[in-house]
Amino acid sequence: MEYTQLGRTGLKVSRLVLGTMNFGPQTDEPESHAIMDAAHAAGVNFFDTANVYGWGPDKGRTEEIIGNWFAKGGNRREKTVLATKVFGNMETDGEGWPNRSRLSALNIRQAVEASLRRLQTDHIDLYQFHHVDRTTPWEEIWQAIDVLVQQGKILYAGSSNHAGWHIARANEKAAARGMYGLVSEQCLYNLAERRAEMEVIPAAQEYGLGVIPWSPLHGGLLGGAIRREREGGSSRSSSGRSADALANSKVRSQVQAYEDLLDKAGLEPGETALAWLLTRPGVTGPIVGPRTREQLDSALRAVELKLDEELLTSLDETFPGPGPAPEAFAW
């Protein structure tokens, strides 16, 4: 496994991030534990989750599965850089009480304590704001985070799904308080969805944030979706983001060209898509969310895959990026 520093921090993390969103809804607890054991065995030390994972009435279940895995001992917690998130509504009883979501100081405090209990740990290494809160000022957010850092309950703060100007504003407000600010941004970024290159990634680089792409295969679109469709196999491309994209004839032709290109090169689409992200400036490592051990093994092979310049050029021609702002939308 290769390691890199998370943004401007001294924290060393693996170049693949184990995403746990499927733990609970798609993958049962024993298999989830086996996947985490295999990830550790391969040197993956960066695990990502969120308080809402488990979804619906099972919100928090994913954190519980991870906590039960930590409780098995064997220095599992000590070997893991643990990231979770706050923002989503954690209410499961339907009573409609306010302050169970977003980034108020009250919800941040309550959400941290609940996550710590579920995760069976005394601290969270990277606490991420799952979305932008347009109703809570950054002064309030940073005051709440400062308290948690002083208490030793979190070490670093990160963002997710933030625009470039949100990152800039957040870190300028943190600097005014003498705080470290955001150290990472988790954003939608892959070969088929490159809008983050316009402003989000440049802002992250300017402020020293590590970029952690989610949905690196765009919901299965870049994992051989057309091939599986042709072979009649089941895949994530049958619904969701991938299905919506394949319904667009232009995108479908791009994906077909992508798969044809990799067939000629003797490469697997999913592994190539991950390896491409590892070549991108500012990227710490993509989040892979395996439902099975086999999917984890495939993702791990991407770290060893080196793409030559000719192939990178061809990939860029197949899925051209938008270019930087403001050139992407102005003269």
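Scroll up to find the structure.
Residues numbered from 1 in each chain as written. Predicted model: local features only at pLDDT ≥ 70, side-chain atom pairs only at ≥ 80, totals over all residues. Heavy atoms only, no water.

Participant: Sorry, what's going on with the overall build of the protein here?
Facilitator: A tally of regular secondary structure across the protein gives 12 helices and 10 strands. Rg of the C-alpha trace for the protein: 20 Å, near the compact-globule value of 20 Å for 331 residues, within the 12% margin. Based on the C-alpha atoms only, the size of the protein along its principal axes is roughly 55 × 55 × 40 Å. Residue burial in the protein is summarised as follows: out of 331 residues, 52% are buried. Partitioning the intrachain contacts of the protein with sequence separation of at least 6 by distance along the chain shows that 77% fall at a separation of at least 24. Carbon and sulfur atoms make up 48% of the accessible area of the protein, which amounts to about 14,900 Å² in all. Charge separation in the protein, taken as the distance between the mean sites of 35 positive and 43 negative side-chain charges, equals 3 Å. (Helix = DSSP H or I, 4+ residues; strand = E, 2+ residues; numbered from the N terminus. Rg over C-alpha atoms; globule rule 2.2 N^0.38 Å. Buried < 20%, exposed > 50% of the residue type's maximum accessible area, 1.4 Å probe, protein only. Contact = heavy atoms within 4.5 Å. Areas by Shrake-Rupley, 256 points an atom, 1.4 Å probe, with all protein chains shown as cover. Lys, Arg positive; Asp, Glu negative; His and termini not counted. Charge placed at Lys NZ, Arg CZ, Asp CG, Glu CD.)

Participant: Help me understand the packing of aromatic side chains, please; the structure alone is not making it clear to me.
Facilitator: How two aromatic rings sit relative to each other is set out by the distance from centre to centre and by the angle between their planes. Inspection of every chain in the model, using the stated rule, returns eight aromatic pairs. On the basis of an interplanar angle of 45 degrees and a centroid distance of 5.6 Å, the ring pair of W69 and F70 is categorised as tilted. In this structure, W69 and F70 share a single accessibility class: buried. Among the aromatic residues, those joined into a cluster by ring pairs are F47, W69 and F70. Above the face of the Y180 ring, R8 is positioned so that its terminal group lies 4.3 Å from the ring centre. Its end group placed over the ring of F70, R77 keeps NZ or CZ at 5.5 Å from the ring centre. (Phe/Tyr/Trp six-rings, centres within 6.5 Å; stacked < 30°, edge-to-face > 60°. Lys NZ or Arg CZ within 6 Å of the ring centre and 35° of its normal.)

Participant: Sorry if this is basic, but what is going on with the pattern of salt bridges here?
Facilitator: Two side chains of opposite charge can pair, provided their charged atoms sit close to one another. In this structure the tally under the stated criterion is 19 salt bridges. Across the pair E29 and R61 runs a salt bridge, and its minimum N-O distance is 2.6 Å. Of this pair, E29 sits in helix α1 (residues 29-41) while R61 sits in helix α2 (residues 61-70); the two residues are 32 residues apart in sequence, bridging distant segments of the chain. With relative accessibility at 28%, the residue R61 sits in the partly exposed group. In this structure, D37 engages R76 in a salt bridge whose closest nitrogen and oxygen atoms are separated by 3.1 Å. Note that D37 is positioned in helix α1 and R76 in the loop between α2 and β5 (81-86), a separation of 39 residues in sequence. For D37, a relative accessible area of 30% gives the class partly exposed. Here the salt bridges do not stand alone but share partners, grouping R194, E197, R280 and D316 into one network. (Salt bridge = Lys/Arg side-chain N within 4 Å of Asp/Glu carboxyl O.)

Participant: How do you make sense of the nonpolar core when you look at a structure like this?
Facilitator: The tendency in soluble globular proteins is for nonpolar side chains to be buried side by side. Judged by nonpolar contacts, the single largest core of 77 residues is most densely connected at I108, Y127, F129, W142 and I145. The residues touching I145, leaving out its near neighbours within four places in the chain, are I108, Y127, F129, I154, A157 and M179. (Core = buried A, V, L, I, M, F, W, Y, C linked by side-chain atoms within 4.5 Å.)

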